[in-house]
Amino acid sequence: MANNSAIRWKAALSRQCNLQELCSVQRLMSLRVISAHQTVPSHMSDMQKHARKATMSSWQHQWDSLERGRCDHHLMPYVGLWMDRRHVEVDFSMTHGHGCFM
């Protein structure tokens, strides 16, 4: 039975108009699912803030107590500042700070 269905779907989707219609419906469904997740009740938002604060505190404690990476810790002592930083575009000069050896 499943084999017969697969053959019918293959035949139906071989036509461009059917494939476009299916993609249109899938896109609409995806947008509706995404929009449903944009509205979070306030108590959930408070829980997320609390969870983030607890996680950051745990990470900071681990970062402060590690023996390895002390030079990195000296450059970046607070995990929260690093996590909340404004992200910038990564380019060649940022990833190759030693210069170009060509």
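Please refer to the structure higher up on the page.
Scoring rules and cut-offs
- Residue positions are counted from 1 within each chain, in the order its sequence is given.
- In view of the model being predicted, local features appear only for residues whose pLDDT reaches at least 70, and side-chain atom pairs are presented and counted only at 80 or more, with totals across whole chains, interfaces and linings using the full set of residues.
- Heavy atoms from the whole structure form the basis of all side-chain values; hydrogens and water molecules are not counted.
- Only DSSP runs of H or I reaching four residues or more are called helices, and only runs of E reaching two or more are called strands; each is numbered from the N terminus.
- Per-residue accessibility, obtained with a 1.4 Å probe over protein chains only, is compared with the maximum for each type, and a residue is labelled buried under 20%, exposed over 50%, and partly exposed between these values.
- Where accessible areas are quoted, they stem from the Shrake-Rupley method and a 1.4 Å probe; at the residue level, only the protein chains shown are allowed to cover.
- The contact rule is simple, with two residues in contact once any of their heavy atoms fall within 4.5 Å.
- Whenever a carboxyl oxygen of Asp or Glu lies within 4 Å of a side-chain nitrogen of Lys or Arg, that contact is scored as a salt bridge.

Draft legend 1. Focus on the overall build of the protein chain. Secondary structure assignment for the protein chain yields six helices and zero strands. Its helices and strands in sequence order give the protein chain the pattern α-α-α-α-α-α, from N to C terminus. Expressed as a percentage of its 102 residues, the buried residues of the protein chain come to 5%. Here the protein chain displays about 9700 Å² of accessible surface, and carbon together with sulfur accounts for 61% of that area.

Draft legend 2. Representation of the side chain of Gln-60 in the model. Residue position: Gln-60 is located in helix α3 (residues 42–65). Given the relative accessible area of 16%, Gln-60 is considered buried. Residues in contact with Gln-60, not counting those within four places in the same chain, are Pro-77, Tyr-78, Val-79 and Gly-80.

Draft legend 3. Spatial organisation of the pattern of salt bridges. Within this structure, the stated rule accounts for one salt bridge. A salt bridge links Arg-52 to Asp-84, with the shortest nitrogen-to-oxygen separation between them at 2.4 Å. With a gap of 32 residues between them, Arg-52 in helix α3 and Asp-84 in the loop between α5 (79–83) and α6 (92–95) connect regions that are remote in the sequence.

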